[in-house]
Amino acid sequence: MDNTKVQSEGGLNVTLTIRLLMHGKVRETWMWRLGARINISEGNCPERIVTITGPTDTIFKAFAMIAYKFEEDIINSMSNSPATSKPPVTLRLVVPASQCGSLIGKGGSKIKEMRESTGAQVQVAGDMLPNSTERAVTISGTPEAIIQCVKQICVVMLEVKSQNSPPKGATIPYRPKPASTPVIFSGGQVSAELALAEVTVFLLHLVSGLDASPPASTHELTIPNDLIGCIIGRQGTKINEIRQMSGAQIKIANAMEGSSERQITITGTPANISLAQYLINARLTSEVTGMGSL
């Protein structure tokens, strides 16, 4: 994970590069837009390195897409399974070993703070990945917990960079090697190749929706009254999370007499609207399949 600070009006605009270890086979894809780039490593390997570079806002939206997509895959995989409890979503970051000490903190204080404040499980591998000087940082939990944890990890990495301490040797990046054994996601019999391909489409759609001066637009959708509660959440917690993650303005109309549906109006850039719609659909899927309260 590397980062560069770019000064802008109104404060400090931060651009991040994050490396994520995922499973699946998909062709290398590049997408540039406003300095944002997504690259999926090439090669006939079950593991792929997904590199996302761009403004922090773009990075966090990309992780929201990934986390909710994986949760959706887990829920779908459980439809024909006897399992009664939903396993957590799990993502693995690839971080230079020289930065892992700051991530762990003195006596494990920093990583403990992350676990307690986000509710996510965070594990820093003791050994470096094969033929590299990088370690895997595994994050498990709900999509919301994972997103908050990624934000905190980014803050720590930025603090390390701001100290301008000399790097402890060159970083040798991890490069996955081919393997003949089949790969499945822990927690569900999910098609790894399909899941990564779909996530890639979502990320490219998100990045391509960005523009130097994107025009705001409005999208409306209707939700059955008996499902609106899962979108709003207790005291508005869920709808506020969706607003924050997507960056869109979301208004839910009051119930109309005699109507069995409620209208939701989403306003923002195409990327904002796309992410808001995806997050709303993820909540609906979770509720309908009976996983909303797990």
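One structure accompanies this document, and this report is about it. Worth saying up front: this structure is predicted, and the values here are computed from it rather than measured.

Definitions and cut-offs
Residue indices begin from 1 for each chain and proceed along its sequence in written order. Totals for whole chains, interfaces and linings use every residue, but because this is a predicted model, local features are given only for residues with pLDDT of at least 70 and side-chain atom pairs only at 80 or more, for both listing and counting. Side-chain figures throughout are based on the complete set of non-hydrogen atoms in the structure, without hydrogens or water. Secondary structure is summarised from DSSP: a helix means a run of H or I of at least four residues, a strand means a run of E of at least two, and numbering begins at the N terminus for each. Whether two residues touch is decided by their heavy atoms; if any such pair falls within 4.5 Å, the residues are in contact. Computed with the Shrake-Rupley method and a 1.4 Å probe, the accessible areas treat only the protein chains shown as cover for residues. A pairing counts as a salt bridge when a side-chain nitrogen of Lys or Arg comes within 4 Å of a carboxyl oxygen of Asp or Glu. Exposed residues in this analysis have more than 50% of their type's maximum accessible area, buried residues have under 20%, and partly exposed residues fall in between, with area computed by a 1.4 Å probe over protein chains only. Throughout, disulfides are identified as pairs of cysteine sulfur atoms within 2.5 Å of each other. Strand pairing is assigned whenever DSSP identifies at least 2 bridges connecting the two strands. In this analysis an axis means a line fitted to C-alpha atoms, helices contributing only their contacting stretch, and an angle means the value between N-to-C directions, from 0 to 180 degrees. Picture the helix axis, draw a direction to every C-beta atom, and the arc is the one those directions span. Remark: nonpolar core denotes a set of buried residues (Ala, Val, Leu, Ile, Met, Phe, Trp, Tyr, Cys) joined through side-chain atoms within 4.5 Å.

**As for the overall build of the protein**
- Check the secondary structure of the protein and you find eight helices and eleven strands.
- Partitioning the intrachain contacts of the protein with sequence separation of at least 6 by distance along the chain shows that 68% fall at a separation of at least 24.
- Within the structure as shown, the protein displays about 15,000 Å² of accessible surface, and the carbon and sulfur contribution to it stands at 51%.

**Quick look at the pattern of salt bridges**
- One pass over the structure, following the stated rule, counts six salt bridges.
- One salt bridge connects K69 with E72, and the closest N-O pair in it is separated by 3.3 Å. Placement of both K69 and E72 in helix α1 (residues 56-77) is noted, with a separation of three residues, approximately one turn of the helix. Both residues of the pair, K69 and E72, belong to the buried class.
- Among the salt bridges present, the one from K238 reaches E144, with a minimum N-O distance of 3.8 Å. With K238 in helix α7 (residues 237-246) and E144 in helix α4 (residues 143-162), this residue pair connects regions lying 94 residues apart in the sequence.

**Description of the side chain of E71**
- Summarising the element assignment, E71 is placed in helix α1.
- Sequence-distant contacts of E71, defined by excluding residues within four places in its chain, comprise K86, V89 and P143.

**Notes on the state of the cysteines**
- Following the criterion strictly, the structure yields zero disulfides and no others.
- The thiol of C149 is unpaired, and the distance to the nearest cysteine sulfur, on C154, comes to 9.8 Å.

**Examining the pairing of strand β6 (residues 89-96)**
- The buried fraction of β6 amounts to six of the eight residues, a majority that puts the element mostly inside the structure.
- Relative to strand β8 (residues 134-141), β6 runs antiparallel, the two sharing eight bridges. In the sheet register, V95 faces β8, and the bridge partner there is R135.

**A short note on the sheet that holds strand β11 (residues 261-268)**
- The strand order across the open sheet built from three strands is β9-β11-β10, with neighbouring strands paired in antiparallel fashion. Sheet topology places β9 (217-224) and β10 (249-252) at the edges, where each strand pairs with a single neighbour. For this sheet, the mean angle separating the axes of adjacent strands, direction not counted, is 20°.
- Inspection of the sheet shows β9 paired to β11 by eight bridges, in the antiparallel sense. Among the inter-strand pairings, E220 is bridged to a residue of β11, identified as T265.
- Taken strand by strand, helix α8 (residues 270-288) contacts β9, β10 and β11, and its axis lies near 150° from that of β11.

**Observations regarding α7**
- Taken together, the buried positions of α7 are occupied by I239, I242, M245 and S246. The arc enclosing the buried residues of α7, seen along the axis, measures out at 130°, which places them on a common side.
- Residue G247 follows α7 closely and has a positive phi angle near 80°.

**Re helix α3 (residues 109-118)**
- Within the span of α3, buried status applies to I111, M114 and T118. Taken end-on, α3 shows its buried residues confined to a sector of 55°, consistent with a single buried face.
- Where α3 ends, the next residue or the one after it, G119, has phi of about 85°, a positive value.

**Here's the deal with the nonpolar core**
- If you look at the biggest cluster of nonpolar residues, it comprises 36 residues, and the most contacted ones within it are L93 and I153.
- Within the second largest apolar cluster, 25 residues are counted, among which are A64, L227, I228 and I266.

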